[in-house]
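Inside the fold
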Amino acid sequence: MVRIPTITGLRGTDFTKAKQLGQTEKMLELERQAIDAFVKMGVSMTDICINYQTIMAPVYGEHLAFGDTGVVIYLNSVCGARSNFEGGPSALAAGLTSRTPRYGYQDEHRKPTHRFKTSWTPQTLNEWSVLGGLIGKKSGNYWSVPVLEGIEGHPGSDAMKHFGAAMASFGSTALFHVLGITPKALQARDLECLHLPEILITKEEVMGLQNSYRIAEEIDVVVFSAPQLSLMEMKSMAELCNGKKFIKPLLAMTSPQVKPDSDRMGYTEMIEGAGGTVFSGMCFYQSYAREIAETNGWKALATNSAKIVNILGGYGYTPMLASMEDCVQAAVTGRLK
């Protein structure tokens, strides 16, 4: 049995809608076996990749052992907690023993190694996402710690979520600092980074990365996932969907904690009334993505997540990155404008 609170990341299915995706009984049985094993060990089946938004955000300096890269980078960077990227066996060992090795991001490896500067502040989640992806690419490896200067205002939790998740995907990054925003970067002198060479990032360069994925116009499916959607994202999507009718499938993945509130507030009804589907507790790319693409005839995929586009090419998709508004409209017309 686990000795400390231990939670699960995403499932590979929403059991209530598995047939709609074309998932087989064999796939579902593997999910059930994993769930049964975790429950016997006392693990809480939260089925979530946004636990810092809905379960319990850690306090500054708290030591953790998480495996989801998007979770780890958010906890380290935005909350100021401490975790390395833990693989499945090491994360499980931490739950069973209440111990994790003191090295890397659990210890002193938290000072900037790369200094980026921009005069442009993203306004939409896809822009935050692709900015994070570009910084991840330029940082280069797990032990790189980027600091970003020049951001105006205070981005919200969803912006930081997409920014970090994409950075972790493109660069295996586990920690970033944003000057004046994240806890260890309230002042430049706090970071001891002024000796690092300044790397300028322009809006044109960031959007160039996004546009590099826009290699087609016609789409087969729209996916919002990775990370799961917050309640505020569900609200925004519902407002965009309200009164529309889709000719292409639109899939929205959220957590089991957000889904009931989305139901209660009418967001689910507005999304599904337009022809979309809201899934609970799962992640698209962990849901046998290649097999469901073959079953449903999906290839060209539109999303607002740079993390998704970075991953799904390996599953046989042609993923394209756009704003939430443009993705919803693509489900209506079948084309990205």
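Quick summary incoming for the structure in this document. (Residues numbered from 1 in each chain as written. Predicted model: local features only at pLDDT ≥ 70, side-chain atom pairs only at ≥ 80, totals over all residues. Heavy atoms only, no water.)

What follows covers helix α10 (residues 231-241). Within α10, the full set of buried residues consists of Leu231, Glu233, Met234, Met237, Ala238 and Cys241. For α10, the arc enclosing every buried residue in end-on projection is 155 degrees, short of the 170-degree limit, so these residues lie on one face. Gly243 sits one or two positions beyond α10 and adopts a positive phi of about 85 degrees. (Buried < 20%, exposed > 50% of the residue type's maximum accessible area, 1.4 Å probe, protein only. Helix = DSSP H or I, 4+ residues; strand = E, 2+ residues; numbered from the N terminus. Arc of directions from axis to C-beta.)

One can find Pro249 in the loop between α10 and β6 (250-254). Assessed through its relative accessible area of 29%, Pro249 is described here as partly exposed. Apart from the residues within four sequence positions on either side, Pro249 is in contact with Asp220, Val221, Val222 and Trp298. (Contact = heavy atoms within 4.5 Å.)

Under the counting rule described, the total for this entry stands at one cavity of 30 Å³ or more. Computed from the structure, the largest cavity encloses a volume of approximately 40 Å³. As for the largest cavity, its lining consists of Leu10, Cys49, Tyr52, Asp68, Gly70, Val71, Ala226, Pro227, Cys283, Tyr285 and Lys307. Secondary-structure elements contributing two or more residues to the lining of the largest cavity are α4 (69-79) and β5 (221-229). Grouping the amino acids of the lining of the largest cavity by side-chain chemistry returns eight nonpolar, one polar and two charged. (1 Å grid on protein atoms, 1.4 Å probe; cavity = no way out; pocket = protein on both sides within 12 Å on 5 of 7 lines; lining within 4 Å. Points joined across faces, edges and corners; volume = space filled by probe spheres on them. Nonpolar A, V, L, I, M, F, W, Y, C, P; charged D, E, K, R; others polar.)

Below, the discussion takes up the sheet that holds β6. As summarised here, the arrangement of the five strands in space is β7-β6-β5-β8-β9, forming an open sheet in which the pairing is parallel. With partners counted over all chains shown, the strands left at the sheet margins are β7 (277-280) and β9 (318-321), one partner each. Averaged over all pairs of adjacent strands, the angle between their axes in this sheet comes to 25 degrees, without regard to strand direction. In this structure, β5 lies alongside strand β8 (residues 300-303), joined through two bridges in parallel fashion. Residue Val222 lies in a different strand from β8, and its bridge partner there is Ala302. Strands in contact with α10 are β5, β6 and β7; relative to β5, the strand with the most contacts, it is inclined by about 160 degrees. Seen against the sheet, helix α15 (residues 324-333) touches β5, β6 and β8 and runs at an angle of roughly 145 degrees to β5. (Pairing = 2+ DSSP bridges. Axes fitted to C-alpha atoms, helices over the stretch in contact; angles between N-to-C directions.)

This next bit is on the side chain of Lys17. If you trace the backbone, Lys17 turns up in the segment before α1 (18-21). If we skip the residues at most four places from it in the chain, Lys17 touches Lys259, Glu272, Thr277, Val278 and Phe279.

With that settled, consider the sheet that holds strand β3 (residues 177-178). If you walk across this open sheet you meet the four strands as β3-β2-β1-β4, and the pairing is parallel. Two strands bound the open sheet, and with one partner strand each, they are β3 and β4 (198-201). Both strand β1 (residues 114-118) and strand β2 (residues 146-149) contribute to a ladder of four bridges, which runs parallel. Paired with His114 across the two strands is Pro146, which belongs to β2. Running over the sheet, helix α6 (residues 125-139) touches β1, β2 and β4 and is turned about 145 degrees from β1.

A few words now on the state of the cysteines. Working definition of a disulfide: a covalent bond connecting the sulfur atoms of two cysteines. If you walk through the whole model with that rule in mind, you get zero disulfides. In this structure Cys79 is not part of a disulfide, and its nearest cysteine sulfur, from Cys49, lies 14 Å away. Cys327 supplies the cysteine sulfur nearest to Cys241, a cysteine that is in no disulfide, at a spacing of 11 Å. (Disulfide = S-S within 2.5 Å.)

The step from Ala226 to Pro227 runs through a cis peptide bond, and the omega angle for that step is 5 degrees. By the element assignment, Pro227 lies in strand β5. Positioned with a positive phi, Ser172 is a non-glycine residue whose angle comes to about 55 degrees. You can see Ser172 is positioned in the loop between α7 (157-171) and β3. Even without being glycine, Tyr288 reaches a positive phi, approximately 60 degrees.

Attention now goes to the nonpolar core. Core analysis: the biggest nonpolar cluster contains 93 residues, and Phe163, Met237 and Phe284 have the highest contact counts within it. A total of seven residues in this core trace back to one element, the largest contributor, which is α7. Excluding residues within four positions of it along the chain, Phe284 makes contact with Val223, Ser225, Leu251, Met253, Ala289, Ile292, Trp298, Leu301, Leu312 and Tyr317. Val147, Ala185, Leu191 and Leu196 belong to the second largest nonpolar core, which has five residues in total. (Core = buried A, V, L, I, M, F, W, Y, C linked by side-chain atoms within 4.5 Å.)

Roughly 1300 Å³ of volume is contained in the largest pocket. Together, 49 residues line the largest pocket, and Thr6, Ile7, Thr8, Ala65 and Phe66 are the ones closest to its centre. Put simply, the parts of the chain that give the lining of the largest pocket at least two residues each are α2 (25-40), α4 and α5 (88-97). The greatest single-element share of the lining of the largest pocket, amounting to five residues, is contributed by α5. Of the residues that constitute the lining of the largest pocket, the class distribution is 25 nonpolar, 15 polar and nine charged.

That is the geometry; function is a separate question.
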